[in-house]
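Close look at the chain arrangement
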Amino acid sequence: METKDVIVELRTKNNMTQEDLAERVYVTRQAVSRWETGETLPNIEALKRLSEIFNVSINTLLGAKNKLICQCCGMELDDPIMSREKDGTINQDYCQWCYKDGDFTYKNMEDLIVFCENHLSNENWSKESVRKYMTSLLPTLKHWKE
């Protein structure tokens, strides 16, 4: 879905007129109209406000086809499971289980690997397989590189 379609869908789903949305984003109604026709895209500040108003990620607003993954555990991210900062804003880098209210749940890789071994293993995927996969994946993610 394109950004223009996402904005129209979210605005109408929230029973807002273009004027209502414009007031909340601090732009003109014409700016909202141009976004919705695809003539222009919202600037980064407008995207941030739209993200807060509609409670969705900027990735969603941009109609991104690439999925985001948690930069701590590697889980695919969708808006409902994205983490939040202390002020309630969405953090698009982490899932709600790895990062809560501005703090990381897992302080070291081994704790996360053990958790995953116990919760992801099944008859098709042994604990050893989970450990091997997580041991190779985690060092490539932002949280563990820092």
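Scroll up to find the structure this text is about.
Residues numbered from 1 in each chain as written. Predicted model: local features only at pLDDT ≥ 70, side-chain atom pairs only at ≥ 80, totals over all residues. Heavy atoms only, no water.

**Regarding the layout of surface pockets**
Stated precisely, the cut-off is as follows: We place a 1 Å grid over just the protein atoms. Points where a 1.4 Å probe fits but has no way out form a cavity, open points with protein on both sides within 12 Å along at least 5 of 7 lines form a pocket, and any residue with an atom within 4 Å of a point lines it. Grid points are joined across faces, edges and corners, and a volume is the space filled by probe spheres set on the points. Under the scheme used here, helices are H or I runs from DSSP no shorter than 4 residues and strands are E runs no shorter than 2 residues, and both carry numbers assigned from the N terminus. All amino acids are sorted into three groups, where Ala, Val, Leu, Ile, Met, Phe, Trp, Tyr, Cys and Pro are nonpolar, Asp, Glu, Lys and Arg are charged, and the leftover types, Gly among them, are polar.
As a volume, the largest pocket reaches approximately 240 Å³. Along the walls of the largest pocket sit 16 residues, with Cys-73, Met-75, Phe-115, Cys-116 and Leu-120 positioned nearest its centre. Looking at the lining of the largest pocket, the elements that each hand over two or more residues are helix H6 (109–120) and helix H7 (127–137). Looking at the lining of the largest pocket, the element that brings in the most residues is H6, giving 5 residues. Of the residues contributing to the lining of the largest pocket, the split by class is 14 nonpolar, 2 polar and no charged.

**Focus on the packing of helix H2 (residues 18–25) against helix H3 (residues 29–37)**
Note the threshold: Every axis in this analysis is a line fitted to C-alpha atoms, fitted for helices over the stretch in contact. Angles between the N-to-C directions lie between 0 and 180 degrees. Throughout, the term roughly parallel applies to angles under 35 degrees, roughly antiparallel to angles over 145, roughly perpendicular to angles from 65 to 115, and oblique to all others. Contact criterion: two residues are considered in contact whenever any of their non-hydrogen atoms come within 4.5 Å of each other.
Their axes nearest at 8 Å, the elements H2 and H3 cross at an angle of 110°. Classified by the angle between their axes, H2 and H3 sit roughly perpendicular to one another. Residues Gln-18, Glu-19, Leu-21, Ala-22 and Val-25 of H2 touch H3, and the partners they reach there are Arg-29, Val-32, Ser-33, Trp-35 and Glu-36. Classifying every residue of the contact of H2 with H3 gives 5 nonpolar, 2 polar and 3 charged.

**Some remarks on the nonpolar core**
The following threshold applies: In these notes, a set of buried Ala, Val, Leu, Ile, Met, Phe, Trp, Tyr and Cys residues joined through side-chain atoms within 4.5 Å is what counts as a nonpolar core. When a residue's accessible area, from a 1.4 Å probe over protein chains only, is under 20% of the maximum for its type it is buried; when over 50% it is exposed; and in between it is partly exposed.
The biggest cluster of nonpolar side chains holds 22 residues, and the ones touching the most others in it are Cys-70, Cys-72, Cys-98, Leu-112, Met-134, Leu-138 and Trp-144. Contributing elements (two or more residues each) for this core: strand E4 (90–95), H6 and H7. Ignoring anything within four residues of it in the chain, the contact list for Leu-138 reads Cys-72, Cys-73, Met-109, Leu-112, Ile-113 and Trp-144. Membership of the second largest hydrophobic core comes to 17 residues, among which are Leu-10, Leu-50, Val-56 and Leu-61.

**Regarding H2**
To be explicit about the condition: Arc definition: directions from the helix axis to the C-beta atoms.
The set of residues buried in H2 consists of Gln-18, Leu-21, Ala-22 and Val-25. Looking straight down H2, one finds its buried side chains confined to an arc of 100°; they lie on one side. On its buried side, H2 packs onto helix H1 (3–13), H3 and helix H4 (44–54). The first or second residue beyond H2 is Tyr-26, which carries a positive phi of 65°.

**Some details on the pairing of E4**
Rule in force here: For two strands to be treated as a pair, DSSP must find no fewer than two bridges joining them.
Judged from the 3 bridges that link them, strand E3 (residues 82–84) and E4 form a sheet pairing that is antiparallel. Counterpart to Ser-83 in the pairing with E4 is Asn-91.

**A short note on the packing of aromatic side chains**
As a reminder, the rule being used: Put simply, two rings from Phe, Tyr or Trp (the six-membered ring, in Trp's case) pair if the centres are within 6.5 Å, and we call them stacked under 30 degrees between planes, edge-to-face over 60, tilted for the rest.
What the rule picks out here adds up to 5 aromatic pairs. With centroids separated by 5.9 Å and ring planes inclined at 50°, the aromatic side chains of Tyr-106 and Phe-115 adopt a geometry described as tilted. Since its relative accessible area comes to 36%, Phe-115 is described here as partly exposed. Among the aromatic residues, ring-to-ring pairing joins Tyr-94, Tyr-99 and Phe-104 into one connected group.

**Structural notes on a nonpolar patch on the surface**
Note the cut-off: Patch membership is restricted to residues that have no salt bridge and whose relative accessible area is over 30%. Joining uses 9 Å for like charges and 5 Å for the nonpolar side chains Val, Leu, Ile, Met, Phe, Trp and Tyr. Shrake-Rupley sampling with a 1.4 Å probe provides the accessible areas, and residues are treated as covered by the protein chains on show and by no other component. We count a salt bridge whenever a side-chain nitrogen from Lys or Arg sits within 4 Å of a carboxyl oxygen from Asp or Glu.
Residues Leu-120, Trp-125 and Tyr-133 make up a contiguous nonpolar surface patch of about 270 Å² in total accessible area. Locating Leu-120 in the fold gives a position in helix H6.

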